[in-house]
Amino acid sequence: MNVIIILAIVALAVMVLVSLVRGLVAFIQMTEEDLKTPGVGRSHQMQNKMMFARVKYQAMAIVAVAVLMLVNR
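Residues numbered from 1 in each chain as written. Predicted model: local features only at pLDDT ≥ 70, side-chain atom pairs only at ≥ 80, totals over all residues. Heavy atoms only, no water.

By the naming in an unreviewed UniProt entry, the protein is HIG1 domain-containing protein, taken from Blastomonas aquatica.

Written out as structure tokens, the structure reads:
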């Protein structure tokens, strides 16, 4: 049981890292035109999408750590 939970935590940590990097890449690729256009640009949408994905995976990892702690009690 512990091995499964630990593997889930590692997988979630990797997913957090991937979403963080994808969000940073979207930020780096943002142009001045993206800033001047009215509304939400494509780059901003990708940054927001990756931010919410990162927060979701972090929350899932925290829950998995809490479950691991409860199982090992």
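Chemist: Explanation requested: the UniProt feature "domain: HIG1" (unreviewed entry) in the protein in the structure shown.
Modeler: Under the present numbering, the feature "domain: HIG1" (unreviewed entry) in UniProt falls on residues 1–73. Between the C-alpha atoms that bound residues 1–73 there is a distance of 13 Å. The span itself is 85% helix and 0% strand. (UniProt positions renumbered as here; feature names shortened; annotations may be inferred. Helix = DSSP H or I, 4+ residues; strand = E, 2+ residues; numbered from the N terminus.)

Chemist: In this structure, what is going on with the UniProt feature "transmembrane region" (unreviewed entry) in the protein? I would like to understand it.
Modeler: In the numbering used here, UniProt assigns the feature "transmembrane region" (unreviewed entry) to residues 6–30 and 51–71. End-to-end, the C-alpha atoms of residues 6–30 are 36 Å apart, and along that stretch the chain is 92% helix and 0% strand.

Chemist: Would you mind showing me how to read helix 3 (residues 42–71) here?
Modeler: Residues lying three or four places apart along an α-helix face the same way, a consequence of the helix completing one turn every 3.6 residues. Across its 30 residues, helix 3 extends 43 Å between first and last C-alpha, which sits within 8% of the 44 Å expected from 1.5 Å per residue. When we look at burial in helix 3, the residues that qualify are Ser43, Gln47, Met50, Ala53, Tyr57, Ala61, Ala64 and Leu68. Contacts made by the buried residues of helix 3 are with helix 1 (2–28) and helix 2 (32–36). (Expected span 1.5 Å × (residues − 1). Buried < 20%, exposed > 50% of the residue type's maximum accessible area, 1.4 Å probe, protein only. Contact = heavy atoms within 4.5 Å.)

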